[in-house]
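Descriptive structure summary
Letter by letter, the chains look like this.
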Amino acid sequence: MGYYNSNEPKKNKKGYFASSFTGLIAGALLVGVVLPGMTDVELGSAEPTSTSESVSGLQTASTVVTSDVTKVVEETTDAVVGVSNLQVAQQNPFASQTGEGKESQEAGVGSGVIYKKDGDIAYIVTNNHVVEGAEDVMVTLSDGTELDAEVLGTDVWTDLAVLKVPGESIKAVAEFGDSSVLQAGEPVIAIGNPLGLQFSGSVTTGVISGTERLVPIDINQDGTEDWQSEVLQTDAAISPGNSGGALINAEGQLIGINSMKIAQNAVEGIGLAIPVNTAIPIIADLETEGAVERPSMGVAIVDLAEVPAQYRSSQLNLPTEVEGGIVIESVVEGSGAAAAGIEAYDVIVELDGNPVNSVLDLRQHLYNETKVSDVVKVKAFRNGELQNFELTLTENS
């Protein structure tokens, strides 16, 4: 999920030149092996070959080779940008008093995707962690043009952020695809800036390895799982710096936002991306509202598993067979929970007929299955007795 510092942007190339006939054949075979199904009946097309004689007297052939992959890359790569996280580095120890000696430095680099152009404004989606903590954000286009960006909104739960930049220099916009129809084995292309802008516009190919994967996320870095993110798994190489870049299908449509990579010595070829169908409503909220509207019960809660056994019986009066649930620590005045009659030390065990064994279960149900103003049915133990409540959800503040 990380991103690294880098130097100069690298311009995209529309094709490549083979230095010999043998190299041409090897390159063609490589495309056929790495990305099955991405080529036509004939692997590619070639512009007329020009033959020249070198100083040594040996003849060399120069041919421009194109394929479905190169066409897709040519049409989409300009919509992928570099995103630089600029933070103030305090050089002068008296800067905090004098206001001098402060300057922005590049703290990290990721990728982003231009998804919309409206008049003289263009909009870019990237990862939250790419711009987190930034004093300023700089966007670098594929041709090296640098633009100051405004962060419109971020969302830590989905690791998404939306930026706004002047649209005058923007020439390409990504087209959204449909991630719900993806199948394992379907070919994909990842475009981004692995290791930073030094390798901007890098292209890797692979297949969808799996859909609807759930990956545990520790939002506050306290060692406890806070969320499970639904992601796409691909074997297309995704390295630090690719975060926020594009995962493209064979039609050149954006079907995922590259976000995470399992980086372990024993793991190879597992890249993860946020499905575009999951991202689209988040992007819309961040663009228009600056935040994501999520439902709230209006309570402070803790996992029952964190409550020592002696307190479960002495203070909560729970039946011994109750092993999972969430304990209400406090209720916000005027909230849906308060209106429903829920009180501190109630132990919620069910929402809308679904068992709730942990805080994670509750979040998954509220954030994925409900919306603000919905009425949820709650079952909770109070002093050892199971009670029923109906609670109207409000906006999380």
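The name an unreviewed UniProt entry assigns to the protein chain is Serine protease yyxA, from the organism Planococcus antarcticus DSM 14505.

Before going further, it helps to examine helix 2 (residues 68–76). Every buried residue of helix 2 is listed here: Val-69, Thr-70, Val-72, Val-73 and Thr-76. End-on view of helix 2: buried residues confined to an arc of 160°, all on one side of the axis.

The next point concerns the packing of aromatic side chains. The tally for this structure, following the rule as stated, stands at five aromatic pairs. Ring centres of Trp-157 and Trp-227 lie 5.8 Å apart, and the angle between their planes is 70°; on these two criteria the pair is classed as edge-to-face. Of the two residues, Trp-157 is situated in the loop between strand 9 (146–155) and strand 10 (160–166) and Trp-227 in strand 13 (residues 227–234); the sequence distance between them amounts to 70 residues. Here Trp-227 falls in the buried class, since its relative accessible area comes to 6%. A connected cluster of aromatic rings, assembled from ring pairs, spans Tyr-115, Tyr-123 and Phe-176. The residue whose ring lies beneath Lys-116 is Tyr-123, and the NZ or CZ to ring-centre distance is 5.2 Å. Lying across the ring of Tyr-367, Arg-294 places its NZ or CZ 5.4 Å from the centre.

Three or more residues of helix 8 (residues 359–369) are buried, namely Val-359, Leu-360, Leu-362, Gln-364, His-365, Leu-366 and Tyr-367. On the buried face of helix 8, the contacting elements are strand 13, strand 17 (295–296), strand 18 (299–303), strand 19 (326–331), strand 20 (347–351) and strand 21 (354–355).

Take the pattern of salt bridges next. Applying the stated criterion across every chain yields a total of seven salt bridges. With a shortest N-O distance of 2.6 Å, Lys-116 and Glu-287 are connected by a salt bridge. Here Lys-116 is found in strand 6 (residues 102–118), whereas its partner Glu-287 is found in helix 5 (residues 276–289), with 171 residues between them in sequence. The salt bridge involving Lys-379 is made with Glu-350; its shortest N-O contact spans 3.8 Å. Here Lys-379, found in strand 22 (residues 375–382), pairs with Glu-350, found in strand 20; they are 29 residues apart in sequence, far enough to count as distant.

A separate point is the pairing of strand 20. The element strand 20 is extensively covered by neighbouring structure, given that four of its five residues are classed as buried. Alignment of strand 19 against strand 20, held across two bridges, turns out to be antiparallel. Bridge pairing in strand 20 places Val-327 opposite Val-347. When strand 20 meets strand 22, the two strands line up antiparallel, connected through four bridges. Along strand 22, the bridge assignment pairs Val-347 with Phe-381. Across two bridges, strand 20 lies against strand 21 in antiparallel orientation. Within strand 21, the residue paired with Glu-350 across the bridge is Pro-355. Here strand 20 folds back onto strand 21 in antiparallel fashion, the turn holding two residues, of which Asp-352 has a positive phi close to 50°.

Cut-offs used in this document
- Residues numbered from 1 in each chain as written.
- Predicted model: local features only at pLDDT ≥ 70, side-chain atom pairs only at ≥ 80, totals over all residues.
- Heavy atoms only, no water.
- Buried < 20%, exposed > 50% of the residue type's maximum accessible area, 1.4 Å probe, protein only.
- Helix = DSSP H or I, 4+ residues; strand = E, 2+ residues; numbered from the N terminus.
- Arc of directions from axis to C-beta.
- Phe/Tyr/Trp six-rings, centres within 6.5 Å; stacked < 30°, edge-to-face > 60°.
- Lys NZ or Arg CZ within 6 Å of the ring centre and 35° of its normal.
- Contact = heavy atoms within 4.5 Å.
- Salt bridge = Lys/Arg side-chain N within 4 Å of Asp/Glu carboxyl O.
- Pairing = 2+ DSSP bridges.

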